[in-house]
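These are the residues of each chain, in order.
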Amino acid sequence: MEPNDLSPTNGVPSSSSSNGLQPGIVSLWGLVSQSIAGMAPTCDVVAFMTAGAAFALVALPLSYLFAFILMFIEVNTLYHLSKHRGSAGGYYSYVSAGLGAKPALVTAIMVISYQLISIAGVPIYVAGVFLPGLAHSYLGIALPSWFWIPMLLVFIGVPWLLSVLGIRPTVKAMLITSSLEIVFLIVSSIIIIARAHVTAPLHPFTFASVGIKGVALGMIFAITSFIGVGSHAPLGEETKGIRTQQGRLIGKAAILSLTLVGVALTISAYALTVGWGQAKMGLFSQSAAPGVQVFLNYLGPIGAVALVVLAINSALMDDLALMTSTARVLFAVSRDKLLQTSFATVNGRRAPAASVTFVGVTAIIVGLAFGLWLGPAQAFDVLTTAVLFGLVTAHTLMNLSLMRISYRERRVTQLAFHLVLPIIAMGLFWFVLYESIIPFVFPLAWAAIFWLLLLVGAIIWTYLKIGGDRGPSPQAGHELGVAHGETIHELGLWQET
């Protein structure tokens, strides 16, 4: 067997052990709901779209359409890499299959970092910008400047509590709210578009107003609206189905969830643009809660209140989905003895409680640090851009992994899916990053510096753990995230110094 063979029989964890995650819990639609919750569509409408409109203006729908297309191209990689591998490691395991141990560990640290940053960033905006603006504009109440601090604890604390209770209540909560969000956004957006007096219906899908750079800057927030599309991948070991189907369900769920959220967000961006007024989009991001205003104008108080309630719930479910995902990646890496091994434990409900707690506490620290330093609005912009840097780095390694596997197997028939599409995705990702950060302008440039420090730290840690004769053998290096560390040792696949 080749070392990077994706055979499902190679290194499958003994998940029946009471010391591991509980198998056979999450269905296909449970995976879809986890992915949708990770993308937090209603929260995107009130947060990311408001921030993105500051750059994209009337072309906001175009930024979301391009981001949707780009992520659909990118999800091809997740679909093909996950076919034969259901793992708590998610992207970490997929990169291991094609590129080996060192790139896999760097990927894991990037995934843990950018998802953790996102867990911190979303509540900063909701509690520090959205809710204070809403209270001032519609209720005449001036919330204290420190209001976001205790709310940060709430937005992270509630998901932490659900996460440590186990995967079953977590998935049930996300399944109900995710379905409601998608239906609400699509139906309400159609009503707004029908009631708006649209004089130039295709104008929001042109570069005329802001050019390529404006659309690319808008895509920062549009792409990060989709970052949770792969948040269900680390649930592979807990997915229902026989061993050969677990990975395949991950890919199917990614396509289904991305399609639902992509349609909902693109049509919502268009509804907000034409509902606000195309000629007035320069004022959109300057408003305290422009999305709520549009819904109030066209759907009345009930529609506006429903948007606010679902947005708050969406932020909670987003942090829940990302916390669930991040904790399992941390669990898998620690199980392979490449991070602190105490994170590779589960509580009585078979949840990786130690990993969940670490993720929650660290997210609070990051949120407090950036919020106090830059203020909630700028902290959100910087953290969101840093998330995009981490996401692009991890997905680049994912694409290279798929290309490496394809090269070894010499599958000419898979040329488009295993080579052409990954190259297109990588090129577009880095183009958006280049357009968004060059020339360097502070405070947004802090995101690039923060990402660079994380990347250098990840590389240094990788070589400290796996450099020289340390770490897994070349064969085991292609099975990370799948086999328990003890199994690797028992098989003699772990090299000592």
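That block above? That's the structure.
Attention here is on the structure that accompanies the text. Treat the numbers as computed from the prediction; the structure is a model and nothing was measured.

Rules used in this analysis
- Residues numbered from 1 in each chain as written.
- Predicted model: local features only at pLDDT ≥ 70, side-chain atom pairs only at ≥ 80, totals over all residues.
- Heavy atoms only, no water.
- Helix = DSSP H or I, 4+ residues; strand = E, 2+ residues; numbered from the N terminus.
- Rg over C-alpha atoms; globule rule 2.2 N^0.38 Å.
- Buried < 20%, exposed > 50% of the residue type's maximum accessible area, 1.4 Å probe, protein only.
- Contact = heavy atoms within 4.5 Å.
- Areas by Shrake-Rupley, 256 points an atom, 1.4 Å probe, with all protein chains shown as cover.
- Lys, Arg positive; Asp, Glu negative; His and termini not counted.
- Charge placed at Lys NZ, Arg CZ, Asp CG, Glu CD.
- Phe/Tyr/Trp six-rings, centres within 6.5 Å; stacked < 30°, edge-to-face > 60°.
- Core = buried A, V, L, I, M, F, W, Y, C linked by side-chain atoms within 4.5 Å.
- Expected span 1.5 Å × (residues − 1).
- Axes fitted to C-alpha atoms, helices over the stretch in contact; angles between N-to-C directions.
- Parallel < 35°, antiparallel > 145°, perpendicular 65-115°, else oblique.
- Left-handed = near helix turned anticlockwise from the far one by under 90°.

Some words on the overall build of the chain
Item 1. Scanning the chain from N- to C-terminus turns up 16 helices and 2 strands.
Item 2. For the chain, the C-alpha radius of gyration of 22 Å lies close to 23 Å, the compact-globule estimate for 497 residues.
Item 3. Burial status across the chain gives 61% buried among its 497 residues.
Item 4. Restricting the contact set of the chain to residue pairs at least 6 apart, pairs at least 24 apart contribute 83%.
Item 5. Working note: accessible area of the chain is about 17,900 Å², and carbon and sulfur atoms make up 69% of it.
Item 6. Distance between charge centres in the chain, computed from 23 positive and 18 negative side chains, equals 6 Å.

Digging into the packing of aromatic side chains
Think of a pair of aromatic rings as described by two things: how far the centres are apart, and how the planes are tilted against each other in angle.
Item 1. Here the structure, examined in full by the defined rule, presents 18 aromatic pairs.
Item 2. Their ring planes at 55 degrees and their centres at 5.2 Å tell us that Phe48 and Phe380 sit as a pair that is tilted. Within this pair, whereas Phe48 is found in helix α3 (residues 48-56), its partner Phe380 is found in helix α13 (residues 376-409), the two being separated by 332 residues in sequence.
Item 3. An aromatic cluster is built from Phe48, Phe55, Tyr125, Phe221 and Phe380, whose rings are joined through pairwise contacts.

Describing unusual backbone geometry
Item 1. One non-glycine residue, Leu57, lies in the positive phi region at around 55 degrees.
Item 2. Within the fold, Leu57 resides in the loop between α3 and α4 (60-82).
Item 3. Assessed through its relative accessible area of 27%, Leu57 is described here as partly exposed.
Item 4. For Lys337, which is not a glycine, the phi torsion comes out positive at approximately 65 degrees.
Item 5. Its place among the elements puts Lys337 in the loop between α11 (290-335) and α12 (353-374).
Item 6. Classification of Lys337 by relative accessible area gives partly exposed; the value is 28%.

A look at the nonpolar core
Item 1. If you look at the biggest cluster of nonpolar residues, it comprises 162 residues, and the most contacted ones within it are Leu78, Phe130, Ile223 and Phe226.
Item 2. Once residues within four sequence positions are removed from consideration, Leu78 is found in contact with Tyr91, Tyr94, Val229, Gly230, His232, Ala233, Ile250, Ala254 and Met398.

Observations regarding the environment of Val387
Item 1. Tracing the sequence through the fold places Val387 in helix α13.
Item 2. Once the C-alpha coordinates of Val387 and Ala264 are considered, the two residues, 123 residues apart in sequence, prove to be 22 Å apart.
Item 3. Residues contacting Val387, with those up to four places away along its chain left out, are Tyr114, Ile117, Ser118, Thr224 and Ile227.

With respect to α12
Item 1. Across its 22 residues, α12 extends 31 Å between first and last C-alpha, which sits within 8% of the 32 Å expected from 1.5 Å per residue.
Item 2. Here α12 has its buried residues at Ala353, Ser355, Val356, Val359, Gly360, Ala363, Ile364, Val366, Gly367, Phe370, Gly371 and Leu374.

Structural notes on the packing of helix α7 (residues 148-164) against α12
Item 1. Two elements in contact, α7 and α12, have axes separated by 10 Å at closest approach and are oriented at 165 degrees. Relative to α12, the element α7 lies roughly antiparallel. In terms of crossing hand, the pair formed by α7 and α12 is right-handed. Every residue of α12 that contacts α7 at Trp148, Ile149, Leu152, Leu153, Ile156, Trp160, Ser163 and Val164 is listed here: Ala353, Val356, Thr357, Gly360, Ala363, Ile364, Gly367, Leu368, Gly371 and Leu372.

Shape descriptors only; they carry no functional weight alone.
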